[in-house]
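Residue-level structure breakdown
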Amino acid sequence: MKHYEYAGAGMGSGSIVAVFGAYGHTGRFVVAELRERGHVPLLLGRDRDKLVALAEAHAGLEARQASADDPASLDRALDGAAAVINCAGPFASTAAPLVEAALRAGIPYVDVAAEIEANADTFAHFAERARAAGTVVVPAMAFYGGLGDLLVTTAMGDWTAADEAHIAYGLSGWHPTGGTLAAGVVSSRRRGGRRVRFTGGRLEYHDDALLTLEWPFPAPLGPQSVIGEFTMADVVTVPSHLAVPEVRTYMTAKAAAELSAPGAPAPAAVDERGRSAQTFVVDVLVRSGGVERRVAAAGQDIYAVSAPLAVEAVDRVLTGRTRTTGVASAGAVFDAPDFLRALSSHLSLHVSAGTRG
Ligand SMILES: NC(=O)c1ccc[n+]([C@@H]2O[C@H](COP(=O)([O-])OP(=O)(O)OC[C@H]3O[C@@H](n4cnc5c(N)ncnc54)[C@H](OP(=O)(O)O)[C@@H]3O)[C@@H](O)[C@H]2O)c1
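Residues numbered from 1 in each chain as written. Predicted model: local features only at pLDDT ≥ 70, side-chain atom pairs only at ≥ 80, totals over all residues. Heavy atoms only, no water.

Where helix H4 (residues 91-105) contacts helix H5 (residues 116-133), the two axes come as close as 10 Å, and the packing angle between them is 5 degrees. As far as their axial angle goes, H5 and H4 are roughly parallel. Contact with H4, carried on its side by Phe91, Ala92, Ala95, Ala96, Val99, Glu100 and Leu103, involves Ala118, Thr122, Phe126, Arg129, Ala130 and Ala133 of H5 and no other residues of that element. Residue classes in the contact of H4 with H5 are distributed as 10 nonpolar, one polar and two charged. (Axes fitted to C-alpha atoms, helices over the stretch in contact; angles between N-to-C directions. Helix = DSSP H or I, 4+ residues; strand = E, 2+ residues; numbered from the N terminus. Parallel < 35°, antiparallel > 145°, perpendicular 65-115°, else oblique. Contact = heavy atoms within 4.5 Å. Nonpolar A, V, L, I, M, F, W, Y, C, P; charged D, E, K, R; others polar.)

Given below as structure tokens:
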């Protein structure tokens, strides 16, 4: 396989950041974001041809083939990297081997996993070793899991506990990638086809029917029909560091229907950054003793926005702007309001004035 020289990888030109699954839909956004911020992406993945094609499109970047089930290949792939971002899902197969490799290399690990069980596994299996190594492992550092946690943490403000957290996803639609669909299949299989929700301070598997209700998104979106208990990775990230026994996530009914439609089309680029026309509002409401606090974020394309989220995380880890070590979610490891402000060119924030009693 042809190897590519680093372009300007000297001092002061940013860090070498490995991207596993670099040629996937989300991986490509992450590679572009790293370059935009002056980092040097190291392109990793299991398919040589796809790596070579991506490296040619980014003349000067190095590509290394590696397989999640071959630890030695992962060690070679991570050699010289300052951090790794794992974009290769389903993460049920890739997260543990990549975290192991990052721990062996002594570098921070960030992934974009939206799989509840895989994210829970990362917390359960690596908490002690990551803490003992003094390194940071941030699962779900993306639209699902990461952004919701940053918003909940921001909405909580000085609260360390709340009775409930609600995260409503106002997606204009959802054309899923192959990776999203594959992750959904793997997660569903792991649940034996059952549904999952977070209630009473724990994950609960059940067979109850999903309810449709109306969620009052802030203007200009306004009230939308949503599926209740459309459970996303926030039910792992939020309770990992905040005492909230009820965490519920909701999805616009239109987006949920598009996701599950047979032959759902893949996202199509409509702008020079490769973003689709999809828009989103993530509306977060936390409630404690009858008092509500609320904050929302709006933007374009849930896959594209995952790149600035993951890369901002890596930037902060590499510059020591972290609050903890070990396995930690976005809201636990970073200054959440400051993190969200830093992404103002990708996310517009809407904080409701005051709190309601
Ligand atoms: N939390 C979030 O909000 C969020 C946001 C974006 C993406 N994601 C997740 O990220 C994953 C990727 O999504 P995507 O949109 O980029 O999908 P995609 O375009 O289909 O790309 C999937 C990527 O994963 C790689 N991959 C899959 N299984 C692998 C394995 N066992 N070993 C090595 N590489 C493997 C694929 O490589 P091959 O082509 O060689 O198969 C490809 O590079 C999905 O699981 C998705 O759910 C989550």
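Okay, back to it.
Read from one edge to the other, the open sheet built from seven strands follows the order E3-E2-E1-E4-E5-E6-E15, with strand pairing classed as parallel. Where the open sheet ends on each side, the last strands, each with one partner, are strand E3 (63-65) and strand E15 (326-327). On the sheet, helix H10 (residues 302-318) packs against strand E1 (16-20), strand E4 (83-86), strand E5 (109-111) and strand E6 (136-138) and is oriented at approximately 160 degrees with respect to E4. (Pairing = 2+ DSSP bridges.)

Applying the stated criterion across every chain yields a total of 23 salt bridges. With a shortest N-O distance of 2.8 Å, Glu292 and Arg287 are connected by a salt bridge. The exposure class assigned to Arg287 is partly exposed, which follows from its relative accessible area of 26%. With a shortest N-O distance of 3.7 Å, Asp338 and Arg341 are connected by a salt bridge. Of this pair, Asp338 and Arg341 both sit in helix H12 (residues 336-342), separated by three residues, roughly a single helical turn. Within this structure, Glu33, Arg37, Glu312, Asp315, Arg316, Asp338 and Arg341 form a network of salt bridges that share partners. (Salt bridge = Lys/Arg side-chain N within 4 Å of Asp/Glu carboxyl O. Buried < 20%, exposed > 50% of the residue type's maximum accessible area, 1.4 Å probe, protein only.)

In this approach the atoms are scanned with a rolling probe the size of a water molecule, which exposes any empty space left behind. A volume near 210 Å³ is recorded for the second largest pocket. Phe29, Glu33, Glu36, Arg273 and His346 are the residues nearest the centre of the second largest pocket, which is lined by 13 residues in total. Counting residues per element, the ones that place at least two in the lining of the second largest pocket are helix H1 (25-36) and H10. Residues belonging to the lining of the second largest pocket are distributed by class as follows: six nonpolar, two polar and five charged. (1 Å grid on protein atoms, 1.4 Å probe; cavity = no way out; pocket = protein on both sides within 12 Å on 5 of 7 lines; lining within 4 Å. Points joined across faces, edges and corners; volume = space filled by probe spheres on them.)

Right, let's get into the environment of Gly146. If you trace the backbone, Gly146 turns up in helix H6 (residues 143-156). Considering only alpha carbons, one finds Gly146 and Val238, 92 residues apart in sequence, at a separation of 8.9 Å. Ignoring sequence-local partners within four residues, the contact set of Gly146 consists of Ala140, Met141 and Ala330.

Once that is clear, we can look at the site of the ligand. Around the ligand there are 28 residues in total, and Tyr23, Arg46, Lys50, Tyr144 and Gly179 lie nearest to it. Separating an oxygen atom of the ligand from a side-chain N or O atom of Tyr23 is a distance of 2.6 Å. In isolation the ligand exposes 910 Å². Once the protein is present, 86% of that is buried. For the shell around the ligand, the secondary structure elements donating two or more residues are H1, H4, H6, helix H7 (178-190) and H10. For the shell around the ligand, the leading source of residues is H7, giving four residues. A per-class count over the shell around the ligand returns 13 nonpolar, 11 polar and four charged. (Near = heavy atom within 4 Å. Polar contact = N/O pair within 3.5 Å; in protein donor to acceptor, adjacent residues only side chain to side chain. Areas by Shrake-Rupley, 256 points an atom, 1.4 Å probe, with all protein chains shown as cover.)

It is worth spelling out the pairing of strand E12 (residues 246-252) at this point. The buried count for E12 comes to six of seven residues, which makes it a mostly enclosed element. Sheet analysis places strand E7 (residues 164-171) next to E12, joined by six bridges and oriented parallel. Pairing of Glu164 across the sheet is with Glu246, part of E12. In the sheet, strand E11 (residues 223-227) pairs with E12 via two bridges, with the strands oriented antiparallel. Pairing of Val226 across the sheet is with Thr252, part of E12.

Moving on, we get to the nonpolar core. Grouped together as the largest cluster of nonpolar side chains are 109 residues, with contacts concentrated most on Ile85, Met141, Phe143, Leu171 and Trp174. Ranked by the residues each element gives to this core, the list is headed by H10, at 11 residues. When residues no more than four places from it in sequence are discounted, the contact partners of Ile85 are Val17, Ala18, Val19, Phe20, Val30, Leu34, Val110, Ala310, Val311 and Val314. One finds Tyr250, Val281, Leu285 and Ala296 within the second-largest nonpolar core, a separate group that totals eight residues. (Core = buried A, V, L, I, M, F, W, Y, C linked by side-chain atoms within 4.5 Å.)

Once that is clear, we can look at the environment of Ser225. Along the chain, the position of Ser225 falls in strand E11. Exposure remark for Ser225: the relative accessible area of 37% places this residue in the partly exposed category. When the C-alpha positions of Ser225 and Ala253 are compared, they lie 5.7 Å apart, and in sequence the two are 28 residues distant. Beyond its immediate stretch of four places on either side in the chain, Ser225 contacts Thr212, Leu213, Met251, Thr252 and Ala253.

Residue-level pLDDT values for the protein chain average 94, and 95% of them are 70 or greater. This model gives residues 1-13 a pLDDT under 50, and the stretch forms 31 contacts once residues within four places in sequence are excluded. (pLDDT = per-residue confidence, 0-100.)

Attention now goes to the side chain of Asp315. Residue position: Asp315 is located in helix H10. Taking relative accessible area as the criterion, Asp315 reaches 16% and is therefore assigned buried. There is a polar contact of 2.3 Å between the side chain of Asp315 and the side chain of Arg37. Looking at Asp315, its side chain comes within polar contact range of the side chain of His39, at 2.6 Å. Each residue touching Asp315, except ones within four places of it in the same chain, is listed here: Arg37, His39 and Arg321.

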